[in-house]
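Residue-level structural notes
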Amino acid sequence: MFLVDKIILVGAALALIAIGFGRFATQVGMPLLVLFVGVGMLAGSEGLGLAFENYELAHAVGTVALAVILFDGGLRTRIESFRRTWKPASVLATLGVLLTTILVGLAATLILQLTLLEGMLLGAIVGSTDAAAVFAALRGKSLDDRVARTLEVESGSNDPMAVFLTVGLLEVLLGQADLGPELLGLILLQMGVGALVGFAVGHGAAELINRINLDSAGLYPVLTATIGLFAFGLAATIGGSGFLAVYLAGIVLGDRPIVFRRGIMLFHDGMAWLAQIAMFIILGLLSFPSRLVDVAPQGLAIAAILVFVARPAAVWICLLPFGFSWRETVFIAWAGLKGAVPVILATYPLLLGLTGGSAIFDVVFFVVFVSAVFQGSTMLWLARKVGLLGPPAPAPPVSLEISALKHLDGDIVEYDITPSSPANDLFIRDLGMPDGAVIALIARGSSVIAPRGSTRIQLGDHVFVLGSTALRPVFDHLFGGGEPPQLPPDGLDLQGHLTLEAVARLYGIELEGDPNETLDVRVRRGLGIMPVQVGFGIDVGPARLEIRETRGELAKRVRVILPRAEP
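For every chain, the first residue of its written sequence is number 1, and the numbers climb from 1 along that sequence. pLDDT decides what is reported in this predicted model: residues at 70 or higher carry local features, side-chain atom pairs at 80 or more are listed and counted, and totals for whole chains, interfaces and linings draw on all residues regardless. As a convention, hydrogens and water are excluded, and side-chain values are obtained from all of the structure's heavy atoms.

Overview of the overall build of the protein chain
- Strands here are runs of E lasting at least two residues and helices are runs of H or I lasting at least four, both read from the DSSP assignment and numbered beginning at the N terminus. Helix and strand counts for the protein chain stand at 20 helices and eight strands.
- Here's how the labels work: a residue is buried when its accessible area is under 20% of the maximum for its type, exposed when over 50%, partly exposed in between, all with a 1.4 Å probe on protein chains only. Within the protein chain, the fraction of its 567 residues that count as buried is 50%.
- Contacts are residue-level and defined by heavy atoms, with any inter-residue pair within 4.5 Å sufficient. In the protein chain, the share of contacts with a sequence separation of at least 24, taken over all contacts with a separation of at least 6, comes to 73%.

Written out as structure tokens, the structure is:
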């Protein structure tokens, strides 16, 4: 048997064990990070005897895995959410990491009897919130949207700051650089280049995916994965942050309409899970439990400073200007999970031959493990206690998609009907669905319902809406309960039997007139003695109503046109 055969067998066996126990770990509240690391430790040199102490390989695998995880996280982050939360998240990702580094670094200097620079190095290594741990903890949870997005954007974008500080302090310790403008210039260069590459690659990728017309649908997920790794490699090669670039590329690409979208998302979801499993198992193999026991007292003290002092103080200072409530601030402070990034950064002192690098690695590993067990297992409990966690969305019993190998101006969008959905408890005929849109399917419990006009939409229904891409904001409001939409430039065609009150309630469009009048009656009354013909219309305040379809003397469909907002 070749060595590679044994590696494949052992690797697959460890992954099967981790996946098999994953459901049990979730039910008892154990973070999956702890489970995967535990499997690696069990199989390691002080467990079943699988010796592994290759820090270069661990660093390489961890870097690729983090790129895959960050790209998947970016694909699932709506750019609108990014716009709403980038300011507090970016402050947390920069100033927050710096403050955490200083506070933990001072504590480490005293507790471990290190020099000030060595203490700051340890603080920088554990200063960032780990994207893999946060994405895994929040996956499928109905957490308050602003809080969840702030945490996701922070964890996806704060790795560069931790890397900058770690590499910069190492270069100072090794005599290769000086503190001051040179270090600050390195930070600004990496952030700027990483951001530019991420946005450029994301925009270019969307155009490429929609225009390339590949013969096989299976190649599209491979293409997107390659694009993500390309963004990482390009940014890192020209002096930028690969982690920031791959995350931003995922955000930009995920917000654009692309072909075979559902298949691409499912592929990257699976790849992200595989990357987490491989990364955490390898990190578990890299650890030595006996050495962790030796550093336990110091590690516990530093973990306590990090969890109860440094992170809360940094979060409170950073979020103070942004109007977060005390509940939101407390939860964001507690949800600063540590994971693979600190452990991977802790391999840098070992790879560069820093004296005392092994001790720093052991302390960092211990702190990360304590954070994962203590914070990870209580994060959702705290979210419920402070009122930030809603009931879980019902899992859809069916799925539906358009699998096209070229770009189509249309999509199938899924919505869970909640109390905030304007369509809740209404008959489909009373929605007056816009022209170019139809409810394709309703899943209710274990039943699949073919929608008719007499079908009443109920709380908890899983609704599939088919329509043009331009109508997506309208769907988001009508079925998802989002903000009142901005109408398409050409207006919105609605059924003439809708009352003005229904138009305001369902579509967020306020029209002047009797709320009980229908669009048909309002437009015919405004026309007076004029005949009812397609193209005729009236002005109602700032809005215009135009007849789009007639039935006898009735206006069957009416287009509502609102003035465009000033840019």
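Side note on a nonpolar patch on the surface
- Every patch collects residues that have over 30% relative accessible area and no salt bridge, joining them within 9 Å if they carry like charges and within 5 Å if they are nonpolar side chains (Val, Leu, Ile, Met, Phe, Trp, Tyr). The Shrake-Rupley method, run with a 1.4 Å probe, gives the accessible areas here. Residue values count only the displayed protein chains as cover. By salt bridge we mean one thing: a side-chain nitrogen of Lys or Arg within 4 Å of a carboxyl oxygen of Asp or Glu. A surface patch of nonpolar side chains, about 720 Å² in accessible area, is lined by Leu 95, Leu 98, Ile 102, Leu 106, Leu 116, Trp 316, Ile 317 and Leu 320.
- For the nonpolar patch, the secondary structure elements donating two or more residues are helix 4 (79-111) and helix 14 (296-319).
- Take the nonpolar patch: its biggest share by element is four residues, from helix 4.
- By the element assignment, Ile 317 lies in helix 14.

What to know about the sheet that holds strand 5 (residues 492-495)
- Taken in spatial order, the four strands line up as 5-8-7-6 in an open sheet, and their pairing is antiparallel. Here the strands that pair on one side only, and so sit at the sheet edges, are strand 5 and strand 6 (537-540). When strand polarity is set aside, the average angle formed by the axes of neighbouring strands in this sheet is 30 degrees. In this scheme, strands are said to pair when DSSP sees at least two bridges between them. Orientation is described by axes fitted as lines to C-alpha atoms, over the contacting stretch for helices, and by angles from 0 to 180 degrees between their N-to-C directions.

Digging into the nonpolar core
- Only buried residues count toward a nonpolar core. Its members are Ala, Val, Leu, Ile, Met, Phe, Trp, Tyr and Cys residues joined through side-chain atoms within 4.5 Å. Counting 99 residues, the largest nonpolar core has Leu 122, Ile 125, Ile 209, Leu 253, Met 279, Val 364 and Phe 365 as its most contacted members.
- Sorting elements by how many residues they give to this core places helix 12 (residues 261-286) first, with eleven residues.
- Ile 125 has contacts with Thr 166, Pro 342, Leu 345, Ala 346, Pro 349, Ile 360 and Val 364, leaving out every residue within four places of it along the chain.
- Judged by nonpolar contacts, the second largest core, of 43 residues, contains Val 463, Leu 498, Ile 547 and Ala 555.

Considerations on the sheet that holds strand 4 (residues 462-467)
- With antiparallel pairing, the four strands of this open sheet are ordered in space as 1-4-2-3. Both edges of this open sheet fall to strand 1 (411-416) and strand 3 (447-449), since each of them pairs with a single strand only. Averaged over all pairs of adjacent strands, the angle between strand axes in this sheet comes to 20 degrees, irrespective of strand direction.
- Relative to strand 4, strand 2 (residues 437-444) runs antiparallel, the two being bridged by six bridges. Considered in strand 4, the bridge of Leu 441 is made with Phe 464.

Structural notes on helix 14
- For helix 14, built from 24 residues, the straight-helix expectation of 34 Å at 1.5 Å per residue is met to within 8% by its first-to-last C-alpha distance of 32 Å.
- Bend, in this description, refers to the angle at a residue between axes fitted to the seven residues ending there and the seven starting there. A bend of about 40 degrees at Leu 306 is the largest found in helix 14.
- Restricting attention to buried positions, one finds in helix 14 the residues Ala 296, Gly 299, Ile 302, Ala 303, Leu 306, Val 307, Ala 310, Arg 311, Ala 314, Val 315, Cys 318 and Leu 319. Helix span is expected to be 1.5 Å times the residue number reduced by one.

Side note on the pairing of strand 7 (residues 543-551)
- Bridge count for strand 6 against strand 7 is four bridges, and the pairing is antiparallel. When the bridges of strand 7 are listed, Asp 539 appears paired with Arg 544.
- Linking strand 6 back to strand 7 in an antiparallel pair, the connection comprises two residues, with Gly 541 at a positive phi of about 65 degrees.
- Bridge count between strand 7 and strand 8 (residues 554-561): seven bridges; the pairing is antiparallel. The residue of strand 8 that forms the bridge with Glu 549 is Arg 557.
- Linkage of strand 7 to strand 8, two consecutive antiparallel strands, is achieved through a turn of two residues, within which Gly 552 is found at a positive phi near 65 degrees.

Quick word on the packing of aromatic side chains
- In this analysis, rings of Phe, Tyr and Trp, with Trp reduced to its six-membered ring, are considered paired at centre separations within 6.5 Å, and the interplanar angle assigns stacked below 30 degrees, edge-to-face beyond 60, and tilted for intermediate values. Applying the stated criterion across every chain, the model contains six aromatic pairs.
- Summarising the aromatic geometry, the rings of Phe 232 and Phe 243 are spaced 5.3 Å apart at their centres and angled 70 degrees between planes, so their arrangement reads as edge-to-face. Taken as a pair, Phe 232 in helix 10 (residues 219-237) and Phe 243 in helix 11 (residues 242-254) lie far apart in primary sequence, eleven residues in all.
- For the ring pair Tyr 415 and Phe 479, a centre distance of 5.9 Å and an interplane angle of 25 degrees mean the geometry is stacked. Separated by 64 residues along the polypeptide, Tyr 415 in strand 1 and Phe 479 in the loop between helix 18 (472-478) and strand 5 bring together distant segments of the chain. Neither residue differs from the other here; Tyr 415 and Phe 479 are each classed as buried.
- Counting every residue linked through ring pairs, the aromatic cluster contains Phe 308, Trp 334 and Phe 374.

Topic: the packing of helix 3 (residues 55-75) against helix 12
- Packing of helix 3 against helix 12 leaves a shortest axis separation of 8 Å and a crossing angle of 150 degrees. As far as their axial angle goes, helix 12 and helix 3 are roughly antiparallel. Like other packed secondary-structure pairs, helix 3 and helix 12 cross with a definite hand, here left-handed. Across from Tyr 55, Ala 58, Val 61, Gly 62, Ala 65, Leu 66, Val 68, Ile 69, Phe 71, Asp 72 and Leu 75 in helix 3, the residues of helix 12 making contact are Met 265, His 268, Asp 269, Met 271, Ala 272, Ala 275, Gln 276, Met 279, Ile 282 and Leu 286. In what follows, roughly perpendicular refers to angles from 65 to 115 degrees, roughly parallel to angles under 35, roughly antiparallel to angles over 145, and oblique to any angle outside these ranges. Crossing handedness: left-handed means the near helix sits turned counterclockwise from the far one by under a right angle, and right-handed means the same turn made clockwise.

Comments concerning empty space enclosed by the protein
- Site definitions follow a grid-based scheme: protein atoms alone, a 1 Å grid, a 1.4 Å probe that fits but cannot get out for cavities, and for pockets an open set with protein on both sides within 12 Å along at least five of seven lines, plus lining residues having an atom within 4 Å of a point. Grid points are joined across faces, edges and corners, and a volume is the space filled by probe spheres set on the points. In this structure the tally under the stated criterion is two cavities of 30 Å³ or more.
- Its boundaries defined by the atoms lining it, the second largest cavity holds a volume of some 30 Å³.
- Considering the residues around the second largest cavity, the lining is formed by His 59, Thr 63, Leu 66, Val 163, Phe 243, Val 341, Ile 344, Leu 345 and Tyr 348.
- Taken together, the elements giving at least two residues each to the lining of the second largest cavity come down to helix 3 and helix 16 (340-351).
- When residues in the lining of the second largest cavity are grouped by element, the largest group, four residues, is from helix 16.
- Residues are grouped as follows: nonpolar covers Ala, Val, Leu, Ile, Met, Phe, Trp, Tyr, Cys and Pro; charged covers Asp, Glu, Lys and Arg; every other residue, Gly included, is treated as polar. Looking at side-chain class alone, the lining of the second largest cavity contains seven nonpolar, two polar and no charged residues.

Read these as layout, nothing more, since geometry by itself doesn't imply function.
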